[in-house]
Amino acid sequence: MSLARKTALVTGGSRGIGSAIARRLAADGSAVAITYGGNKAAADATVAAIEGAGGTAFAFQADAADPASQRAGVEQAAAALGGIDILVHNAGVAEFSTVADDTDETFDRQFGVNVKGLHVGTRAALPHLRDGGRIILIGSISGEMAFPATTVYSATKAAVAALARGWAKDLAPRNILVNTVQPGPIDTDMNPADSDFAAQVLGAIPLGRYGKVEEIAGAVAFLAGPDASYITGTTLNIDGGATA
Ligand code: NDP
């Protein structure tokens, strides 16, 4: 197994893309810890799925937007795992509004989870992250292109890719590789494939369909694995051709 004897922390691993990433990394041999915001039942279900398949998993509540909570979640995960090889920052929120309806609260909430949570979490993880480790950030093609009524979210995801580029250089001396995976529309609670929003954006996807969570998890597993040993500071778009 490509990730045998590795350990991974996946933020927001209770549902959607994060749950699929946690299950895939575990299937590839890694012990996995997930954090979640409020949905304990979903987090427990992810852990149960991994353990049911013979893997090792832990779940910890940690609000990515609250620095003390985020730091505590990382510390608990590092202790349970005995150090971290792979850190996946997946937790994220999206709120739909145009600039006329944006508020200070919607701005702060999205930047708090999607950007500051990554900065706090990475700094907390660094003492536990082994040399040669990987950090994978879940950005979005929204960081490169505008979708309807999601400008603040887009700005957070542009910031995510910028963090990865900078951290790739900061952490190269420790051979810690840092990359961003930028999904296009993926069918999850955040972005259901049967919504009005989906009807608006489907025409912009050459493959003509929403992506599946497993299609993002596979790319994360590649970037976490031995075949990605010379890849750092880049973004990988997985979007059915939307940014082509
Ligand atoms: P979901 O809404 O399905 O799941 C979000 C996950 O993040 C849940 O595990 C949730 O935990 C967790 N989370 C949310 N807020 C917090 C918080 N404050 N603290 C800790 N955890 C939190 O989203 P997706 O799976 O669709 O999205 C995952 C990532 O992928 C996000 O970063 C998103 O921006 C990105 N993305 C998604 C796309 C899509 O089309 N779906 C496209 C491009 C990028 P809980 O269950 O406890 O609420």
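This text follows the structure it describes.
Now for a look at the structure at hand. (Residues numbered from 1 in each chain as written. Predicted model: local features only at pLDDT ≥ 70, side-chain atom pairs only at ≥ 80, totals over all residues. Heavy atoms only, no water.)

A word on the pairing of strand β5 (residues 129-138). Within a regular beta strand, the side chains point alternately toward one face of the sheet and then the other, so they alternate between its two faces. Taken across its ten residues, β5 has seven buried, putting it largely inside the fold. The pairing of strand β4 (residues 84-89) with β5 spans five bridges and is classified as parallel. Looking across to β5, one finds that Val88 is bridged to Ile136. Viewed along the sheet, the connection from β4 through helix α4 (residues 104-125) into β5 turns out right-handed. As paired strands, β5 and strand β6 (residues 177-183) are joined by five bridges and run parallel to one another. Across the sheet, residue Ile135 finds its bridge partner in β6, namely Val178. (Buried < 20%, exposed > 50% of the residue type's maximum accessible area, 1.4 Å probe, protein only. Helix = DSSP H or I, 4+ residues; strand = E, 2+ residues; numbered from the N terminus. Pairing = 2+ DSSP bridges. Right-handed = clockwise from strand over helix to strand, strands pointing away.)

Spatial ordering of the open sheet is given by β3-β2-β1-β4-β5-β6-β7, a layout of seven strands whose pairing is parallel. Both edges of this open sheet fall to β3 (57-61) and β7 (235-238), since each of them pairs with a single strand only. Direction aside, the axes of adjacent strands within the sheet are offset by 20° on average. Two strands pair when backbone bridges link them, and strand β1 (residues 7-10) and β4 are joined in this way by three bridges, in the parallel orientation. Its bridge partner lying in β4, Val10 is registered against Val88. Packed on one face of the sheet, helix α3 (residues 67-81) meets β1, β2 (31-36), β3 and β4 and runs near 160° to β3. Sheet strands in contact with α4 are β4 and β5, and its direction is about 175° off that of β4. (Axes fitted to C-alpha atoms, helices over the stretch in contact; angles between N-to-C directions. Contact = heavy atoms within 4.5 Å.)

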